[in-house]
Amino acid sequence: MRRTRTVPTRLARTIALLLAVAVVVLPMFAPPVLADKKPPVPTYAPYGRKLNKKEEAWVRKTLASLTLDEKIGQMMTVSGNATYFSRDTEQYRNLERHITQYKVGGIIWFRSDVWATAILNNRLQEMSKVPLFVAADLEMGMGMRFNDSIWWPPNMAVGATGDESFARMQGEMTARQARAVGVNWLYAPDADVNNNPDNPVINVRSFGEDPEAVARLSSAFMEGVQNAGALACAKHFPGHGDTATDSHIGLPVVDVPKQRLETLELVPFRALVSKGIGSVMSAHISLPQVEPELAAPVRKPGANERAADFASLTESNAPRVTLPATLSNTILTGILRRELGFTGLTVTDSMQMAGVSARYTPGEAAVRAIKAGIDVVLMSPDVPAAIAEVKKAVESGEISKGQIDASVERILRAKAALGLNERRTVDVNQVDAVVNVDSVITAAQTIADRSVTLLRDKNDTLGKLRTAGTPARVLVVAYNGDPVAGPDDFIGGREAGGRDGRKRQVRRGHPRAFDSGPQRQGQRRDSKNGENPGGRNYWKNSECGCRFLR
């Protein structure tokens, strides 16, 4: 018999055990393998789609669950600046109080930071009974409201390109970034036709002075926003372009017949409504040939109001000052709803602006706006008073319960269309995969490059350089301020009075000219002689203030 050698059973078991341990332990000491995959970019269904059965049921159930106070609260939007602040601050407590006690339906952010906004939006959404609208004025990209994000070129620069694809791209990219930080309602595009070169508040925010071009480009912007899953807003209805007074500090008067509106101001709004714009913002402007009811006189400030906020201005040549469009049933229900066929959400411009606040108390203004056809009251100076007055009007029959229900149903349907009934918070770990990424910066720069326009070249200097056949460079010089007025002559960064007493627009056309925020709000910068020659328009609103960037 032939004998064979075998490994002892005990030794085989030992070797097997050592191998098993090595498989488990050795990878623990190996260098980490870094993942090269970026986090998935969040996507949202296009706004304007038909609600599914689950969303329809959520709207009905939520509406039925709300008390009258909660329904009115859904019609209120408050403001804030989303920067870091602790829970002990009055700013945080005020937001918490409005959401948990007064059940407001939304918030609008002004000067804010990207990360703070995403985190705070999640916090506020979680404490709210009903998902919140979170809005921001993002006409010129995220940089218009977020300190650590980039400005896109202003709308007038997009208008200079004449390219709808740029407007659509700007709307889509802005909306995707906004939703990444929890902003779901963009108060854009600006659909005003800027046909008045003395306009102190619209100017480069408009796509231009040609109503057809404004209609094309604002519609493209809107399509980009809503295709990316955010709610767009056409403003300022029925048109704030032909004004020389800023509605933040007064009540502008557009003294033109209805037929002029049809051929100019209403052209972009009509196009936007026909293409499915989700919301429209009203303008604090007087149209005496359309709305005949006289506006209330400038009132005396209340106990907690500053007298300086009531120095309300009007157009210098205005024969009559009538009810602001925001408070006009003729304009908001008659023209917007019935004539244009708009079925979406209506929202006021800020009710803290002097165009309304200098003439009407917070409660009276809210009641009048809702009676006119408004669904969402933006930034009432006194939300508790506004809610109380609206409730009183409903209980007395001045405002029907059916009208309140119709507005709140539109609000809830919009929130469902945004997917807020299923997902109201955002993943903060995905923010930096969307905001300020290279593709966004490149797109903004491309539009800026394409917007450069030759206005005048009497001696054909550029033509001669081109035909000379030698390389040449062109220096583009942009004024940062009024070459006559000194730094102390600027009023809130918007308008300056030169030494000759004429008003001058400061930094027209430069997207970084103004930093909207609470800094220096309401400060009136007088000239050295103690007066302010010619420059009366300044920003006073606590949330819409401006500072001049030296």
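Criteria and thresholds
- Residues numbered from 1 in each chain as written.
- Predicted model: local features only at pLDDT ≥ 70, side-chain atom pairs only at ≥ 80, totals over all residues.
- Heavy atoms only, no water.
- Helix = DSSP H or I, 4+ residues; strand = E, 2+ residues; numbered from the N terminus.
- Buried < 20%, exposed > 50% of the residue type's maximum accessible area, 1.4 Å probe, protein only.
- Contact = heavy atoms within 4.5 Å.
- 1 Å grid on protein atoms, 1.4 Å probe; cavity = no way out; pocket = protein on both sides within 12 Å on 5 of 7 lines; lining within 4 Å.
- Points joined across faces, edges and corners; volume = space filled by probe spheres on them.
- Nonpolar A, V, L, I, M, F, W, Y, C, P; charged D, E, K, R; others polar.
- Axes fitted to C-alpha atoms, helices over the stretch in contact; angles between N-to-C directions.
- Left-handed = near helix turned anticlockwise from the far one by under 90°.
- Core = buried A, V, L, I, M, F, W, Y, C linked by side-chain atoms within 4.5 Å.
- Expected span 1.5 Å × (residues − 1).
- Salt bridge = Lys/Arg side-chain N within 4 Å of Asp/Glu carboxyl O.
- Pairing = 2+ DSSP bridges.
- Lys, Arg positive; Asp, Glu negative; His and termini not counted.
- Polar contact = N/O pair within 3.5 Å; in protein donor to acceptor, adjacent residues only side chain to side chain.
- pLDDT = per-residue confidence, 0-100.

1. Comments concerning the overall build of the protein chain
Within the protein chain, the regular secondary structure consists of 17 helices and 15 strands. The buried share among the 550 residues of the protein chain stands at 54%. For the protein chain, the proportion of contacts with a sequence separation of at least 24, taken over those separated by at least 6, is 81%.

2. Quick word on the side chain of Lys 71
Along the chain, Lys 71 falls in helix α3 (residues 68-74). With near-sequence residues (within four places) excluded, Lys 71 lies in contact with Leu 63, Leu 66, Ile 404, Asp 405 and Val 408.

3. Considerations on empty space enclosed by the protein
Inspection of the entire model under this criterion finds 3 cavities of 30 Å³ or more. Of the volumes computed, that of the second largest cavity is approximately 50 Å³. Lining the second largest cavity, in full, are Tyr 44, Gln 125, Arg 179, Gly 182, Asn 184, Leu 420, Arg 423, Arg 424, Thr 425 and Val 426. Tallied by class, residues from the lining of the second largest cavity come to 3 nonpolar, 4 polar and 3 charged.

4. Considering the packing of helix α8 (residues 211-227) against helix α10 (residues 266-274)
At a closest axis distance of 8 Å, the pairing of α8 and α10 adopts a crossing angle of 35°. As α8 runs across α10, the sense of the crossing is right-handed. Counting all contacts with α8, which are made through Pro 211, Glu 212, Val 214, Ala 215, Ser 218, Ser 219 and Met 222, the residues of α10 involved are Val 267, Pro 268, Ala 271 and Leu 272.

5. A closer look at the nonpolar core
With 133 residues, the main nonpolar core has Trp 185, Phe 237 and Val 390 as its most contacted residues. Looking at which element gives the most residues to this core, the answer is helix α15 (residues 401-417), with 7 residues. With near-sequence residues (within four places) excluded, Phe 237 lies in contact with Leu 266, Phe 269, Val 280, Met 281, Ser 282, Ala 283, Ala 325, Ile 331, Leu 332, Ile 335, Leu 336 and Leu 340.

6. Some points on helix α5 (residues 114-127)
Look at α5: 20 Å from first C-alpha to last across 14 residues, which is about the 20 Å you get at 1.5 Å a residue. Residues Val 114, Ala 116, Thr 117, Ala 118, Leu 120, Asn 121, Asn 122, Leu 124 and Gln 125 constitute the buried set of α5.

7. Re the pattern of salt bridges
This model, assessed by the stated rule, comprises 28 salt bridges. Between Arg 93 and Asp 88 there is a salt bridge, and its shortest N-O distance comes to 3.9 Å. Taking the relative accessible area as the measure of exposure, Asp 88 reaches 60% and is therefore exposed. Between Arg 216 and Glu 164 there is a salt bridge; the shortest N-O distance is 2.9 Å. A residue pair is termed long-range when its members are at least 10 positions apart, and Arg 216 in helix α8 and Glu 164 in helix α7 (residues 164-180) qualify at 52 residues. You can call Glu 164 partly exposed: its relative accessible area is 30%.

8. Some thoughts on the pairing of strand β1 (residues 76-80)
In terms of burial, β1 is a largely internal element, 5 of the 5 residues being buried. Across 2 bridges, the pairing between β1 and strand β10 (residues 377-378) is parallel. In the sheet register, Met 76 faces β10, and the bridge partner there is Val 377. Judged from the 4 bridges that link them, β1 and strand β2 (residues 106-109) form a sheet pairing that is parallel. When the sheet's bridge partners are listed, Val 78 is paired in β2 with Ile 107.

9. Points about unusual backbone geometry
Most peptide bonds take the trans configuration, and most residues that are not glycine carry a negative phi. In this structure, the amide linkage connecting Ala 188 to the following residue, Pro 189, adopts the cis form with an omega of 10°. Tracing the sequence through the fold places Pro 189 in the loop between β4 (185-186) and α8. The omega torsion of the bond from Lys 235 to His 236 falls at 5°, within 30 degrees of zero and hence cis. Here His 236 lies in strand β5 (residues 233-237). Although it is not a glycine, Lys 103 sits at a positive phi angle of roughly 55°. Within the secondary structure, Lys 103 sits in the loop between α4 (90-100) and β2. For Lys 103, a relative accessible area of 27% translates into the label partly exposed.

10. Some details on the side chain of Glu 291
Assignment of secondary structure puts Glu 291 in the loop between β7 (279-282) and β8 (313-314). Despite its burial, Glu 291 pairs with no opposite charge, the nearest such side chain being Arg 368 at 8.0 Å. Engagement of the side chain of Glu 291 in a polar contact is seen with the side chain of Thr 330, the distance being 3.3 Å. Contacts of Glu 291, omitting those with residues within four sequence positions, involve Thr 322, Leu 323, Ser 328, Thr 330 and Ile 331.

11. Quick notes on the sheet that holds β2
Pairing in this open sheet of 5 strands is parallel, and the strands run β4-β3-β2-β1-β10 from one edge to the other. For this open sheet the edge positions go to β4 and β10, each flanked by a neighbour on one side alone.

12. Comments concerning the environment of Ala 232
With respect to the element layout, Ala 232 can be found in the loop between α8 and β5. The exposure class assigned to Ala 232 is buried, which follows from its relative accessible area of 0%. Spatially, the C-alpha atom of Ala 232 lies 6.4 Å from that of Ile 277, the residues being 45 residues apart in sequence. Sequence-distant contacts of Ala 232, defined by excluding residues within four places in its chain, comprise Trp 185, Leu 186, Ala 188, Pro 189, Met 222, Val 225, Gln 226, Ile 277, Gly 278 and Ser 279.

13. Quick word on the confidence of the model for the protein chain
On average, residues of the protein chain carry a pLDDT of 84, and 79% of them reach 70 or more. For the stretch residues 482-550, pLDDT sits under 50, and the model shows 172 contacts to residues farther than four places along the chain or on other chains.

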